[in-house]
Amino acid sequence: MDEIIKTIITVLVAPLTLGGAAILWKYLEKKSNLRIAELERKVNSSRTQQKRDYGTIYNVLTILMATMKADRCYIIQPHPLKKAQYISVVFEIDEMGILSIKERLTDYPVGNIPVFYGDISTRDFLFYDSINKMKGKRARANFAAIGTESLYIKQLTKEDTWVGSLVIDYLEPPRVAPDYARGEMSAAADKIQYILPPIED
């Protein structure tokens, strides 16, 4: 008799248990799908914002290069950000036919150019009316190899941390005065230093 009761209970309870498990499974699956959809929206939104930021940065560089009558305009960035071991140029605009600096300054060890690195990481504005006046043989050689004659460099900071340097590069003596350059570069820096993405290592 006990066996019959156990069998009846099993026959009656088993579908309820399976039904409850199915309902729970559907609930968890729906919740999981909603979470996945939310993450996808966030990723797509982040990518859209990153594209906008990149567009803004290139637009600012293009306008600045034209305003400053420069041959090259680029951003030197340290990485990894907390303990910089390298500098790289990721964003660069140059006149047609002008050698790019990006190939020379990508994953470039800061130990090879300690004086130049120290200057750009600590000083707000630098002006070299001649590369020959730049301290550090390697830094001077790197710029000379691509034909640079003079430079303006403006520090980029985010929350008092150096995140990069905006550079105006000429193949001849500068075509604008230092005070004008400082004003234009400061205005450009204000537009890009907070949206400048760090270099991923």
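Residues numbered from 1 in each chain as written. Predicted model: local features only at pLDDT ≥ 70, side-chain atom pairs only at ≥ 80, totals over all residues. Heavy atoms only, no water.

Asker: Explain the overall build of the protein chain to me, and be specific about the residues and the numbers.
Answerer: The number of helices and strands found in the protein chain is four helices and six strands. Helices and strands appear in the protein chain in the N-to-C order α-β-β-β-α-β-α-β-β-α. Sorting the 201 residues of the protein chain into buried and exposed places 35% on the buried side. Taking as baseline every contact in the protein chain between residues at least 6 positions apart, the subset at least 24 positions apart corresponds to 59%. Accessible surface, the protein chain as shown: approximately 12300 Å² in total, 58% of it carbon and sulfur. (Helix = DSSP H or I, 4+ residues; strand = E, 2+ residues; numbered from the N terminus. Buried < 20%, exposed > 50% of the residue type's maximum accessible area, 1.4 Å probe, protein only. Contact = heavy atoms within 4.5 Å. Areas by Shrake-Rupley, 256 points an atom, 1.4 Å probe, with all protein chains shown as cover.)

Asker: I'd like to hear about the sheet that holds strand 5 (residues 150-158), residue by residue, with values.
Answerer: Here we have six strands laid out as an open sheet, ordered 3-2-1-6-5-4, and antiparallel in their pairing. Strand pairing shows two members of the sheet lacking a second neighbour, strand 3 (108-109) and strand 4 (125-128), which therefore form its edges. The pairing of strand 1 (residues 72-79) with strand 6 (residues 161-170) spans five bridges and is antiparallel. When the sheet's bridge partners are listed, Y74 is paired in strand 6 with V167. (Pairing = 2+ DSSP bridges.)

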